[in-house]
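# Understanding the architecture of this molecule
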Amino acid sequence: MSVSASNLSWQDGVAVITGAASGIGEALARHAACELGMKVVLADIAEQPLQKLAAALGKQGCEVLAVPTDVANAASMTALAETTRSHFGDVTLLVNNAGIEVLGFSWEIPAAQWDKILSVNIHGVVNGVKAFAGAMVDTGKRCVIANMSSIAGISIAPIQASYVMSKHAVLAFTECLYLEMAMKSAAVQVSAVLPGPVKTNIFATLKQYDDPIVAGHHQAMVELLESNGITPQAAARTIFEQLASGQFWVSTHPEMTAMMAKQRAANLSSLAKPSIDMDSAVNLD
Ligand SMILES: NC(=O)c1ccc[n+]([C@@H]2O[C@H](COP(=O)([O-])OP(=O)(O)OC[C@H]3O[C@@H](n4cnc5c(N)ncnc54)[C@H](O)[C@@H]3O)[C@@H](O)[C@H]2O)c1
């Protein structure tokens, strides 16, 4: 059984967005607070931009609360859930959006960086669900949990193995969560968000890489988002529309998502060796 949020009104609802201080998270937060009239909890590890955004949105008359949060830390996410409940009450929408990139040949990426990307991208989403889902189920009200995977969640790419595996994990987790909510007949809609290229600083803020292959890939990804990425505002609008219509698969680039899914399905169904069309390799994020 799927739960559709098609009749769900965002107006006056409560949204919690992680990774809200930048990029897609910021655009989702702005859209929710200022276009849809939601009360929005802005959660991010970067305190300064977080407080700056909260002040700017507050000045525009939008109702927001900034809560510095580390999604990789379970206690920090539990505290976020408690603060949300005490300030705004029941949650209508949780977007587990915070995520980072790491580039490199898998065996050369330092252990601390492996830990960090898996902690933020995978455990961050699990921590979000653990902190919020129980109360969302218990209220019996229609509400939404949206987990940020990526088109990288249905494809493969060298130099981005840690990111790609984290997004595959988020997608598999979200599919299982969907089934668990159905088993409980819960009124919680579960959606997987698979953005294509969106013009954010996710690559631009990475360090410079010494290895020429990694540096070239990095440069290609920065240029790809800059030249082909849609704006975070456009992504936020599309994501909200698709969430409101009750979709499980939420995509900013539906045709690209369909093509990637088809390629992946063809590879798996023929048990072909891993291969990649290098033109589409740099289309991954
Ligand atoms: N930009 C794209 O093209 C694209 C495509 C597919 C998926 N995504 C996914 O969308 C999400 C947002 O990415 P973006 O492009 O807006 O990136 P971004 O770098 O602009 O924003 C990410 C935000 O997450 C925050 N963050 C990082 N670690 C955190 C932590 N431990 N706790 C709390 N917040 C933390 C950062 O401070 C930042 O504000 C990510 O999950 C990313 O993987 C992005």
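The coordinates are above.
Residues numbered from 1 in each chain as written. Predicted model: local features only at pLDDT ≥ 70, side-chain atom pairs only at ≥ 80, totals over all residues. Heavy atoms only, no water.

### Considerations on the nonpolar core
Leu28, Met38, Val40, Leu42 and Leu93 are the most contacted members of the largest nonpolar core, which has 35 residues in total. At six residues, helix H1 (residues 23-35) tops the list of elements feeding residues into this core. Setting aside residues no more than four positions away along its own chain, Leu28 makes contact with Ile17, Val95, Met148, Ala236, Ile239 and Phe240. Core analysis: the second largest hydrophobic core is formed by 34 residues, Val14, Val71, Leu80 and Ala81 among them. (Core = buried A, V, L, I, M, F, W, Y, C linked by side-chain atoms within 4.5 Å. Buried < 20%, exposed > 50% of the residue type's maximum accessible area, 1.4 Å probe, protein only. Helix = DSSP H or I, 4+ residues; strand = E, 2+ residues; numbered from the N terminus. Contact = heavy atoms within 4.5 Å.)

### Comments concerning the packing of aromatic side chains
Taken as a whole, this structure holds four aromatic pairs when the rule is applied. For the pair Trp10 and Phe240, a centre-to-centre distance of 5.3 Å together with 90° between the ring planes defines the contact as edge-to-face. Placement of Trp10 in the segment before strand E1 (14-18) and of Phe240 in helix H7 (residues 232-244) is noted, with a sequence separation of 230 residues between them. Phe240 shares its class with Trp10; the two are buried. Seen from their ring centres, Phe248 and Trp249 are 5.1 Å apart, and the 85° between their planes marks the pair as edge-to-face. Of the residues examined, Phe248 reaches a relative accessible area of 14% and is grouped as buried. (Phe/Tyr/Trp six-rings, centres within 6.5 Å; stacked < 30°, edge-to-face > 60°.)

### Some words on the layout of surface pockets
Estimated volume of the largest pocket: approximately 970 Å³. As for the largest pocket, its lining consists of 39 residues, and the residues nearest its centre are Ala98, Gly99, Ile100, Glu101 and Ile202. Listed by contribution, the elements that provide at least two residues to the lining of the largest pocket are H1, strand E2 (39-44), helix H4 (111-139) and helix H5 (161-183). Each residue belonging to the lining of the largest pocket can be placed in one class, and the counts come to 18 nonpolar, 15 polar and six charged. (1 Å grid on protein atoms, 1.4 Å probe; cavity = no way out; pocket = protein on both sides within 12 Å on 5 of 7 lines; lining within 4 Å. Points joined across faces, edges and corners; volume = space filled by probe spheres on them. Nonpolar A, V, L, I, M, F, W, Y, C, P; charged D, E, K, R; others polar.)

### Some remarks on the sheet that holds E1
The pairing of strands in a sheet comes from backbone hydrogen bonds and takes either a parallel or an antiparallel form. As summarised here, the arrangement of the seven strands in space is E3-E2-E1-E4-E5-E6-E7, forming an open sheet in which the pairing is parallel. The open sheet terminates on both sides in strands that have one partner only, identified here as strand E3 (64-68) and strand E7 (249-251). Ignoring strand direction, the axes of neighbouring strands in this sheet form an average angle of 20°. When E1 meets strand E4 (residues 93-96), the two strands line up parallel, connected through three bridges. By the bridge assignment for E4, Val16 is matched with Leu94. Packed onto the sheet, H7 meets E4, strand E5 (143-148), strand E6 (188-194) and E7 and runs at close to 160° relative to E7. (Pairing = 2+ DSSP bridges. Axes fitted to C-alpha atoms, helices over the stretch in contact; angles between N-to-C directions.)

### Looking at the state of the cysteines
Scanning all chains against the criterion turns up one disulfide. Each disulfide pairs two cysteine sulfurs, and for Cys34 the partner residue is Cys62, the sulfurs being separated by 2.2 Å. Across the S-S bond of Cys34 and Cys62 the torsion is about 125°, and the bridge reads as right-handed. Placement of Cys34 in helix H1 and of Cys62 in the loop between helix H2 (47-59) and E3 is noted, with a sequence separation of 28 residues between them. Overall, the relative accessible area of 28% leaves Cys34 in the partly exposed class. Among the cysteines around Cys143, which has no disulfide bond, Cys176 carries the closest sulfur, lying 19 Å off. Classification of Cys143 as buried rests on a relative accessible area of 1%. (Disulfide = S-S within 2.5 Å.)

### What about the side chain of Asn121?
By the secondary structure assignment, Asn121 is in helix H4. Judged by its relative accessible area of 0%, Asn121 is buried. Separated by 3.1 Å, the side chains of Asn121 and Ser166 make a polar contact. Setting aside its immediate chain neighbours within four residues, Asn121 contacts Gly99, Ile100, Tyr163, Ser166, Lys167 and Val170. (Polar contact = N/O pair within 3.5 Å; in protein donor to acceptor, adjacent residues only side chain to side chain.)

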